[in-house]
Each structure stands twice: as C-alpha cells, then as structure tokens.
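Listed below are the residues making up each chain.
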Amino acid sequence: MGKLYAVGFGPGGIEHMTQKAIDVIKEADVITGYTTYVDMMKKYFPDKEYISTAMTKEMDRCRMAVDLAEEGKTVAMISSGDSGIYGMAGILLEIKNEKKSDVEIETVPGVTAASAAASVLGAPLMHDFTVISLSDLMTPLNRIMKRIDCAGQGDFIVCLYNPKSKKRADYLKRAADILMIYREDDTPVGVVRNAGREDESSYITTLGELENAPVDMFSIVIIGNSNTYVKDGKMITPRGYQDKYGFVSDDK
C-alpha cells in the first residue's frame, strides 16, 4: 500500500510553498492534479511523472489518485492555495471512505488565497473573518446570499472567492447590497488579482463602488468590517491591542 498526499502549493511560486510541500512533491512517484496546476509545478519539478485532468473531472482525478496509492505508489494530489480550503482533500477522504480503502491520506497545508491577498493589501484580516465563495455550482445561490447576510449581521470581514464570471455578473453587486444594509458604503474593499503570482495586481475601493470595479474569477475580494480603514495605501482592521498609552489600534 502506498500513500496519498493532498498538497496545497500556495499561490504558485516556489517561494510561497512550504518545505513540507516541496519535500512531498520531490519524493512522490506520481503527481496528479488539474491541468493548469500541473503545468505550474512542472516549472519547478520537471523530472517528475505527472497525470493531469481537466476542470470538472475532480472526482475522476481523485479516484485515480486513490487507485494509484492502492497499487503501492506515493501520490501527490496538488491544489493551489490550501488543499483543505476549496481543494481536493475533502474529496479524497470521501472517496477513500466510499471505497473502504486502507490508503493513508495526509493533508499538506499551503498558503491560501485569502492570506496571500491579505498580505498584499496590508492587514485587513486582523479580526474575525469569513471566507465565502460566490460560485453557485455546488451551493445554491440563496444559501450563499444567506451566508453573506449572516456575515453582515456579525460584522465579519468578508473574503470572497470566485467573485464574478460571465455567467455570474451580478452576484458581487448583490452581495455588496446585502452588506450595505449593515455597514457604510465607504467601507474599504481590497481586490487582488492573481495573488502571489507574477502578474499580481491590487487596488482598494469601497463597498459602494464595488460593482464598478474590474473583478473576475482570478480576483479575491476582501471587504472590511465596520472598523477597517485605509492609511498610506494599506487596509488595516484594528484588533484592539493595548499598551500603556491605550488602544493603539484606535488611532486612525
């Protein structure tokens, strides 16, 4: 019996990969994953054996990975970001249970898009936050918007994955409209495209102007809470630390 690793390799560059992720990929007999991700890793690990599948073939890909591990191979199933956050770790474990397999599965964490984008914007995630995907391929739209509403009621910072596509052109506006029930329209919002990659770009806007922002599927949108502010081009969410002079985070 081999072993199966669900590996999160972060945004894409080797500088953002953990040493554990690098070691696992180097030692694996086979690396498998979505075609785009496989192509990204070939740049850094050109001599490995790769098996890739297209988008929407996640179940087939994971079953194949479990089968290879059952044959005695060490397999690295790669995902961008963290494999346990919208990645392949959950599907692998479900398929293992379905097959009643004895394959050992280990999840190797990585830098997820939320933390990668936050590092570009400053310090927007310094307090409680939620991560919500606006893709309704696997979650009904009414449930997504209910989660947005609950996040607004709780004054959470909101990090949006999959914020806009051609088929979902108005979902981001609908989410912003819900949040503006609970917070001001000048609430800071940061948008980072291709966080941690060579063509990374970012800008800061407001909740009221978000519908006019150039956002696509490669973007991460971080919406501040009621205390988030912008100074010197950086988004900052106060945490409330104290020193002998008082609450330093209250000084905007």
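Calculation criteria
Residues numbered from 1 in each chain as written. Predicted model: local features only at pLDDT ≥ 70, side-chain atom pairs only at ≥ 80, totals over all residues. Heavy atoms only, no water. Helix = DSSP H or I, 4+ residues; strand = E, 2+ residues; numbered from the N terminus. Expected span 1.5 Å × (residues − 1). Buried < 20%, exposed > 50% of the residue type's maximum accessible area, 1.4 Å probe, protein only. Arc of directions from axis to C-beta. Contact = heavy atoms within 4.5 Å. 1 Å grid on protein atoms, 1.4 Å probe; cavity = no way out; pocket = protein on both sides within 12 Å on 5 of 7 lines; lining within 4 Å. Points joined across faces, edges and corners; volume = space filled by probe spheres on them. Nonpolar A, V, L, I, M, F, W, Y, C, P; charged D, E, K, R; others polar. Pairing = 2+ DSSP bridges.

A. Fine view of helix H3 (residues 58-70). Taking 1.5 Å as the rise per residue, H3 with 13 residues should run 18 Å; its terminal C-alpha atoms sit 18 Å apart, in good agreement. By the burial criterion, the buried members of H3 are Arg61, Cys62, Ala65, Val66, Leu68 and Ala69. Along the long axis of H3, the arc covered by the buried residues comes to 160°, so they all point the same way. If you follow the buried residues of H3, they end up packed against strand S1 (3-8), strand S2 (30-34), strand S3 (50-53), strand S4 (74-79) and helix H4 (89-99). Looking one or two residues beyond H3, the residue adopting positive phi is Gly72, at roughly 105°.

B. Structural view of the layout of surface pockets. By volume, the largest pocket is sized at about 1800 Å³. Around the largest pocket, the lining comprises 50 residues; the ones closest to its centre are Tyr37, Met55, Tyr86, Asn162 and Met217. Elements that contribute at least two residues to the lining of the largest pocket include exactly helix H2 (35-42), H3, S4, H4, helix H5 (113-121), strand S7 (129-133), helix H6 (141-153) and strand S11 (219-223). Among the residues forming the lining of the largest pocket, the class breakdown is 25 nonpolar, 16 polar and nine charged. If you add up the space inside the second largest pocket, you get close to 180 Å³. As for the second largest pocket, its lining consists of Gly12, Gly13, Glu15, Met40, Lys43, Tyr44, Gly196, Arg197 and Glu198. Taken together, the residues that form the lining of the second largest pocket break down as two nonpolar, three polar and four charged.

C. Expanded view of H4. Turning to H4, its buried residues are Ala89, Ile91, Leu92 and Ile95. Take H4 and look down its axis: the buried residues cluster within an arc of 165°, on one side only. In H4, the exposed positions that point more than 90 degrees away from the buried face belong to Glu94 and Asn97. Buried positions along H4 lie against S1, H3, S4 and strand S5 (104-108). Just past H4, the residue Lys100 takes up positive phi, approximately 55°.

D. Representation of the pairing of S4 within the structure. Burial analysis of S4 places five of its six residues in the buried class, the great majority of the element. The sheet contact formed by S2 and S4 spans three bridges and is parallel. Considered in S4, the bridge of Val30 is made with Val75.

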